[in-house]
Amino acid sequence: MTPFKRVDGVLHAENQSCSALAEQFGTPLFVYSKAALESAWQEFAGALQGREHLVCYAVKANSNLAVLNVLAKLGSGFDIVSAGELRRVLNAGGRPDHIVFSGVGKSEAELREALAVGIRCFNVESQAELERLAVIAAQVNVIAPISLRVNPDVDAQTHPYISTGLKENKFGIGMQDARAVYARAVELDSIKVIGMDCHIGSQLTTIEPYRDALAKLISLVDELATDGIHISDLDVGGGQGIRYENEDPMDIGDWANCVKNAIGNRQLQILVEPGRYIAGPAGIMLTRVEYLKQNEDKHFAVVDAAMNDLIRPALYSAWQAIEAVEPSTEPAKHYDVVGPICESADFLGKDRELAIQQGDLLAVLTAGAYGFVMSSNYNTRARAAEVMVSGDAAHLVRKREDLDDLFAGESVLP
Ligand code: LLP
């Protein structure tokens, strides 16, 4: 699936010229391809065919209602981490009984709201959360379905900020404690133990960490069976990596085979929570060059998007490809592509070869995941608009923020 390709040298999103999209909707602009979202989701569904499974898209990666709606129509489940994400999913047509709720800090109000709508499973991350959930469920007279998120202590070999399966990370319940917490959970009348969950990190490119984690999980599943605790769901988390630069990410078919092999003939439904793999390659960000400038021997392209629009380069030193949307006869130079924000970390890319002049349009590729969702209003900048293309059509799926709205909720002392 190549949703973004060149036609007569001009970058297109499906059948839409990116120049025309920028003209119509302004910049900075996030552009998503519906077909790319669908085809990435289908890769998981296809690879897990033949086994009971549910693909639970990790909403945090891109929570625009249009994105969620496209996936809901495919029958997707959703992995949420807040009441806000819960409301988005329901608003976008997602089924409550296809929702799993992850996160270390679920508040009382969030647990209540999720119990009220009848989600499929709470991925419980501590004994304290288990006790809180049990009390609330008993109060409202329902039984809460749970998985325990276990922390298998494996090295996901990814950026430390997005690695979650090591014992020093805050996530999940340690392997040594998990059996006892399961034993406690089955004692609680308002709790129904249905599964086991883990998520070891994000942007994983190799299968080994999954294999290591699964081996530990499956041996715990077997131990629990000897304790008389039988689970039906195995949620293996998300984390499947994508190509930003020259990574060689795992094949989803191979990943699925690894999961199936680990499970063997145990009766377990497979849940998976991919975010980046589905949304990342399905989006780009368009930004216009405001100025070219030169300091000493460094060239800068100052663009109208900034770290408030796309924070991954500043936060993780993440590398994302940057290309000119139109072909040009300008001489190519090496530019630092920077935004207008007053921070030296405000860059989208460093030392990028580009043939551009003032006013040209650039595309930051692979920006569909952890792009707009991580944006902020820093420097009182309005957040960007989002557009979804489908074939020849382009839909504005989130309008650009209005500057006056940014401080509409504020007031001065009387
Ligand atoms: N499930 C759980 C419980 C998670 O915490 C995450 C991501 C996912 C699923 C989805 O992971 P994915 O398939 O997208 O790798 N902002 C960072 C990524 C943070 C990921 C947090 N958790 C970035 O821009 O690279």
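Just so it is clear, the model here is predicted, and its values are computed rather than measured.

Peer 1: I'd love a proper account of the domain arrangement of the protein, names of residues and values included.
Peer 2: What the domain assignment lists for the protein is domain 1 (4-32 + 280-407) and domain 2 (34-278). For domain 1 versus domain 2, the distance between C-alpha centres works out to 32 Å. Contacts between the two partners involve 22 residues from domain 1, matched on the other side by 24 residues from domain 2. Summed over both sides, the interface between domain 1 and domain 2 buries roughly 1,900 Å², with carbon and sulfur atoms accounting for 60% of that surface. Of all the secondary-structure elements, those providing two or more residues to the side of domain 1 that touches domain 2 are helix H11 (312-316), strand E20 (385-390) and strand E21 (393-398). It is E20 that contributes the most residues to the side of domain 1 that touches domain 2, four residues altogether.

Peer 1: I'd like to hear about the side chain of glutamate 129, residue by residue, with values.
Peer 2: Tracing the backbone through its elements, the reader meets glutamate 129 in helix H6 (residues 127-139). Exposure remark for glutamate 129: the relative accessible area of 5% places this residue in the buried category. A distance of 3.0 Å separates a polar side-chain atom of glutamate 129 from the backbone nitrogen of glutamate 125. The contact partners of glutamate 129, leaving out residues within four places of it in the chain, are Gly103, Lys106, Asn123 and Val124.

Peer 1: Report on the sheet that holds strand E1 (residues 4-7), specifying residues and quantitative values.
Peer 2: If you trace the three strands from one edge of the open sheet to the other, you get E1-E2-E3, paired in antiparallel fashion. The open sheet has two free edges, formed respectively by E1 and strand E3 (16-17), since each of these has just one partner strand.

Peer 1: Requested: an account of the pairing of E1, with residues and values cited.
Peer 2: Regular strands place their side chains on alternate faces of the sheet. Bridge count between E1 and strand E2 (residues 10-13): four bridges; the pairing is antiparallel. By the bridge assignment for E2, phenylalanine 4 is matched with alanine 13.

Peer 1: Could you give me a rundown of the pattern of salt bridges, with the residues and numbers involved?
Peer 2: Scanning the model with the defined rule gives 20 salt bridges in all. For arginine 381, the salt bridge is made with aspartate 309, and the minimal N-O distance between the two is 2.9 Å. In this pair, arginine 381 is assigned in the loop between strand E19 (361-364) and E20 and aspartate 309 in the loop between strand E15 (298-303) and H11, connecting sequence segments 72 residues apart. Each member of the pair, arginine 381 as well as aspartate 309, carries the same accessibility label: buried.

Peer 1: Describe the site of the ligand, and please don't skip the residues or the numbers.
Peer 2: What surrounds the ligand is a group of 19 residues, the closest being Ser202, Glu273, Arg312, Tyr316 and Tyr370. Here an oxygen atom of the ligand sits 2.8 Å away from a polar atom, N or O, in the main chain of glycine 239. Computed on the free molecule, the ligand has an accessible area of 590 Å², of which 91% lies beneath the protein chains in the complex. Classifying every residue of the shell around the ligand gives six nonpolar, seven polar and six charged. Of the domains in this structure, domain 1 (4-32 + 280-407) and domain 2 (34-278) are the two that each give at least three residues to the shell around the ligand.

Peer 1: Provide a residue-level description of the nonpolar core, including the pertinent values.
Peer 2: Tyr57, Phe122, Ile146, Ile191, Met196 and Trp255 are the most contacted members of the largest nonpolar core, which has 106 residues in total. Counting residues per element, this core draws most heavily on helix H8 (residues 208-226), which supplies eight residues. Mapped onto the domain boundaries, this core takes at least three residues apiece from domain 1 (4-32 + 280-407) and domain 2 (34-278). Apart from residues no more than four positions distant in its own chain, methionine 196 is found in contact with Ser147, Leu148, Val150, Tyr182, Leu217, Leu220, Val221, Leu224, Ile231, Asp233, Leu234 and Asp235. Val10, Ala22, Leu29 and Leu361 belong to the second-largest nonpolar core, a separate cluster that totals 20 residues.

Peer 1: So what's going on with the packing of aromatic side chains? Which residues, and what values?
Peer 2: In this structure the tally under the stated criterion is six aromatic pairs. Plain terms: the ring middles of phenylalanine 44 and tryptophan 255 are 5.7 Å apart, the flat faces sit at 75° to each other, and that makes the pair edge-to-face. Of this pair, phenylalanine 44 sits in helix H2 (residues 34-47) while tryptophan 255 sits in helix H9 (residues 252-263), and the two are 211 residues apart along the sequence. For the pair shown, phenylalanine 44 and tryptophan 255 are each scored as buried.

Peer 1: Residues and numbers for unusual backbone geometry, please.
Peer 2: Cis geometry marks the peptide bond from threonine 27 to proline 28, where omega comes out at -5°. Along the chain, proline 28 turns up in the loop between helix H1 (18-25) and strand E4 (29-33). Positive phi, normally seen in glycine, also occurs at glutamate 296, with a value near 50°. With respect to the helices and strands, glutamate 296 occurs in the loop between strand E14 (283-295) and E15. Positioned with a positive phi, serine 317 is a non-glycine residue whose angle comes to about 55°. Checked against the element boundaries, serine 317 lands in the loop between H11 and strand E16 (322-324).

Peer 1: Explain the pairing of E4 to me, and be specific about the residues and the numbers.
Peer 2: For E4, a buried count of five out of five residues is recorded, marking the element as mostly surrounded by other parts of the structure. Residue alternation in E4 divides its side chains into two sets, Leu29, Val31 and Ser33 and Phe30 and Tyr32, and both sets are buried. Two strands pair when backbone bridges link them, and E4 and E14 are joined in this way by four bridges, in the antiparallel orientation. Counted as the bridge partner of valine 31 is isoleucine 284 from E14. Of the pairings in the sheet, the one linking E4 to E20 comprises five bridges and is parallel in character. Looking across to E20, one finds that phenylalanine 30 is bridged to glutamate 386.

Peer 1: Explain the environment of lysine 333 to me, using residue names and the numbers behind them.
Peer 2: If you trace the backbone, lysine 333 turns up in strand E17 (residues 333-338). Residue class for lysine 333 comes out partly exposed when judged on its relative accessible area of 34%. Ignoring anything within four residues of it in the chain, the contact list for lysine 333 reads His299, Arg352, Glu353 and Leu354.

Conventions and cut-offs
- Residues numbered from 1 in each chain as written.
- Predicted model: local features only at pLDDT ≥ 70, side-chain atom pairs only at ≥ 80, totals over all residues.
- Heavy atoms only, no water.
- Domains from an automatic or database assignment.
- Contact = heavy atoms within 4.5 Å.
- Buried area = accessible area lost by both parts, 1.4 Å probe.
- Helix = DSSP H or I, 4+ residues; strand = E, 2+ residues; numbered from the N terminus.
- Buried < 20%, exposed > 50% of the residue type's maximum accessible area, 1.4 Å probe, protein only.
- Polar contact = N/O pair within 3.5 Å; in protein donor to acceptor, adjacent residues only side chain to side chain.
- Pairing = 2+ DSSP bridges.
- Salt bridge = Lys/Arg side-chain N within 4 Å of Asp/Glu carboxyl O.
- Near = heavy atom within 4 Å.
- Areas by Shrake-Rupley, 256 points an atom, 1.4 Å probe, with all protein chains shown as cover.
- Nonpolar A, V, L, I, M, F, W, Y, C, P; charged D, E, K, R; others polar.
- Core = buried A, V, L, I, M, F, W, Y, C linked by side-chain atoms within 4.5 Å.
- Phe/Tyr/Trp six-rings, centres within 6.5 Å; stacked < 30°, edge-to-face > 60°.

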